[in-house]
Amino acid sequence: MMTATELLVTGDRKLRRLNAPAPERRVGQSSVGRRVGRVIGYIALIIAAIGLLAPFFWMVMSSLKNANEVFSVPVVWVPETFVWQNYIDIRTKSNMLVWIRNTLFLAVSVTFLQVLTGSFAAYGFARMRFAGRDILFLAYIGTIAVPWQSYMIPQFILLSNLKVSNTLWSIILLQAFGAFGVFLMKQYYETIPEDLSEAARLDGLSEYAIWRRIMLPLSVPAIASLTLLTFVNTWNDYLGPLIYLRNPDLWTIQLGLKSFVSNLFDTNYALLFAGLTISVLPIAIIFLLGQKYFVEGIATSGMKG
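Scope of this entry: the structure provided in the associated data block.

Calculation notes
Residues numbered from 1 in each chain as written. Predicted model: local features only at pLDDT ≥ 70, side-chain atom pairs only at ≥ 80, totals over all residues. Heavy atoms only, no water. Helix = DSSP H or I, 4+ residues; strand = E, 2+ residues; numbered from the N terminus. Buried < 20%, exposed > 50% of the residue type's maximum accessible area, 1.4 Å probe, protein only. Areas by Shrake-Rupley, 256 points an atom, 1.4 Å probe, with all protein chains shown as cover. Salt bridge = Lys/Arg side-chain N within 4 Å of Asp/Glu carboxyl O. Phe/Tyr/Trp six-rings, centres within 6.5 Å; stacked < 30°, edge-to-face > 60°. Contact = heavy atoms within 4.5 Å. Polar contact = N/O pair within 3.5 Å; in protein donor to acceptor, adjacent residues only side chain to side chain. Axes fitted to C-alpha atoms, helices over the stretch in contact; angles between N-to-C directions. Parallel < 35°, antiparallel > 145°, perpendicular 65-115°, else oblique. Left-handed = near helix turned anticlockwise from the far one by under 90°. Nonpolar A, V, L, I, M, F, W, Y, C, P; charged D, E, K, R; others polar. Expected span 1.5 Å × (residues − 1). Patch = residues over 30% accessible without salt bridge, like charges linked within 9 Å, V, L, I, M, F, W, Y side chains within 5 Å. Core = buried A, V, L, I, M, F, W, Y, C linked by side-chain atoms within 4.5 Å.

This brings us to the overall build of the protein. Helix and strand counts for the protein stand at 14 helices and zero strands. For the protein, the succession of helices and strands along the chain, N to C, is α-α-α-α-α-α-α-α-α-α-α-α-α-α. For the protein, with 305 residues in total, the buried portion stands at 35%. As presented, the protein carries roughly 19600 Å² of accessible surface, and 67% of it is formed by carbon and sulfur atoms.

In structure tokens:
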């Protein structure tokens, strides 16, 4: 049994240990190396971001210059006087509103149909069991590797025989179905536990109801990713409208802006850049609003289980 003196000595030692300053942690070489690597990585990302945004900044600033100042030497990044009249002239001197209307109609229609058909077909490949399912899926996905130029002429002949050439329906029929959308949605569907589908079947839901009431609400990130990618591709499409839309009243914004370039020396590039800026704004707004779901959908679509 400890005496009173021993108890006091032991208590004093414990108090000294508690009040003693904590030993300084030495920063190892590995920790310093990680910090240096992180700083270098941030610097590299900043430089890359500046390189990516510089052309966009130059385009916006060029849309506010006089026609003779666009390609001045040395390069003037910020004009002394902002020429806002370019945005008024692009509307009054061209059919910009008609081009935007046609492009918006095609982009919305194609996006809606691709999301609808892609998600529905992906549900069949992800949840339904039938003979030859995997082979059919691989064959369908394999069409992504086939360049459009290889079957462009037969496709044009087919649509011409169907009397839909030189109409907006030709672009809609061409792009209403997409193998990439099926692949993206199928990969996301496979991350959803199949127990939910089994429980819904026990409750008497049909496969259509399971797809509509369970799978679609749980697949918002993948649907947002597919919506954004399809909308951007359709909005920026040039070759398809160039082949099928010969009537100027049916031109998209890409074809309309191309009409500004008659030759290298007789082009008002200030007006052209104003039109390009207008064409980029919807894409930028949509991406800023849906970037959270876009990143989440792309990140999780390749995961299973």
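Pairs can form between side chains of opposite charge whenever their charged atoms are close. A complete count under the given rule lists five salt bridges for this structure. Here Glu190 ties to Lys186 by a salt bridge, and the two come within 2.5 Å at their closest N and O atoms. The structure contains a network of salt bridges with shared partners spanning Glu198, Arg201 and Glu207.

By the definition in use, this model includes ten aromatic pairs. Note on Trp58 and Phe273: the rings are 5.2 Å apart at their centroids and 75° apart in plane angle, and the pair reads as edge-to-face. Of this pair, Trp58 sits in helix H2 (residues 29-62) while Phe273 is found in helix H14 (residues 269-300), placing the two residues 215 residues apart along the sequence. Here Trp58 matches Phe273 in class, with each residue buried. Summarising the aromatic geometry, the rings of Phe156 and Tyr244 are spaced 5.4 Å apart at their centres and angled 45° between planes, so their arrangement reads as tilted.

What follows deals with the environment of Arg201. Mapped onto the secondary structure, Arg201 falls in helix H9 (residues 194-202). Under the relative-accessibility criterion, Arg201 is labelled partly exposed at 24%. Filtering out sequence-adjacent residues up to four positions away, Arg201 remains in contact with Tyr123, Arg127, Glu207 and Ile210. A distance of 3.2 Å separates the side chain of Arg201 from the side chain of Glu198, its partner in a polar contact.

Relative to the helices and strands, Gln254 is located in helix H13 (residues 253-258). A relative accessible area of 17% means that Gln254 is categorised as buried. When residues no more than four places from it in sequence are discounted, the contact partners of Gln254 are Trp235, Asn236, Asp237 and Tyr238.

Here we come to unusual backbone geometry. Notably, Lys163 is not glycine yet its phi reads approximately 65°, a positive angle. Position of Lys163 among the secondary structure elements: in the loop between helix H6 (152-161) and helix H7 (168-175). The backbone of Asn166 shows a phi angle near 65°, a positive value even though the residue is not glycine. By the secondary structure assignment, Asn166 is in the loop between H6 and H7. Judged by its relative accessible area of 24%, Asn166 falls in the partly exposed class.

This brings us to the packing of helix H4 (residues 96-127) against helix H8 (residues 179-189). At a minimum axis separation of 8 Å, H4 and H8 run at an interaxial angle of 50°. Relative to H8, the element H4 lies oblique. Of the two elements, H4 crosses H8, and the hand of that crossing is right-handed. Along the contact surface, H4 presents Gly118, Ser119, Ala121, Ala122, Tyr123, Phe125, Ala126 and Arg127, while H8 presents Gly181, Val182, Met185, Lys186 and Tyr189.

This part is about the packing of H4 against helix H10 (residues 207-218). Axis separation between H4 and H10 bottoms out at 11 Å; the angle between their running directions is 110°. By the angle between their directions, the pair H4 and H10 is classed as roughly perpendicular. When H4 is examined against H10, the residues Leu116, Ser119, Phe120, Tyr123 and Arg127 are found in contact with a partner set consisting of Glu207, Tyr208, Ile210, Trp211, Met215 and Leu216. Class assignment for the residues of the contact of H4 with H10 results in eight nonpolar, one polar and two charged.

With 16 residues, helix H11 (residues 220-235) should reach 22 Å at 1.5 Å per residue; the first-to-last C-alpha distance of 22 Å fits that figure. Those residues of H11 not exposed but buried are Pro221, Ala222, Ile223, Ser225, Leu226, Leu228, Thr230, Phe231, Thr234 and Trp235.

Time to look at a nonpolar patch on the surface. The grouping of Phe57, Val75, Trp77, Val78, Phe82 and Trp84 at the surface amounts to a nonpolar patch, some 620 Å² of accessible area in total. Mapped onto the fold, Phe57 is located in helix H2.

Residues Tyr123, Met185, Tyr189, Ile210 and Met215 are the most contacted members of the largest nonpolar core, which totals 22 residues. Listing elements by their share of this core, those giving two or more residues are H4, helix H5 (133-142), H8, H10 and H11. In this view, Met185 contacts Gly118, Ser119, Ala122, Ser219, Ala222, Ile223 and Leu226; residues no more than four positions away in its chain are not counted. The next biggest cluster of nonpolar side chains, apart from the first, holds 18 residues, and it includes Trp99, Trp235, Tyr269 and Phe273.

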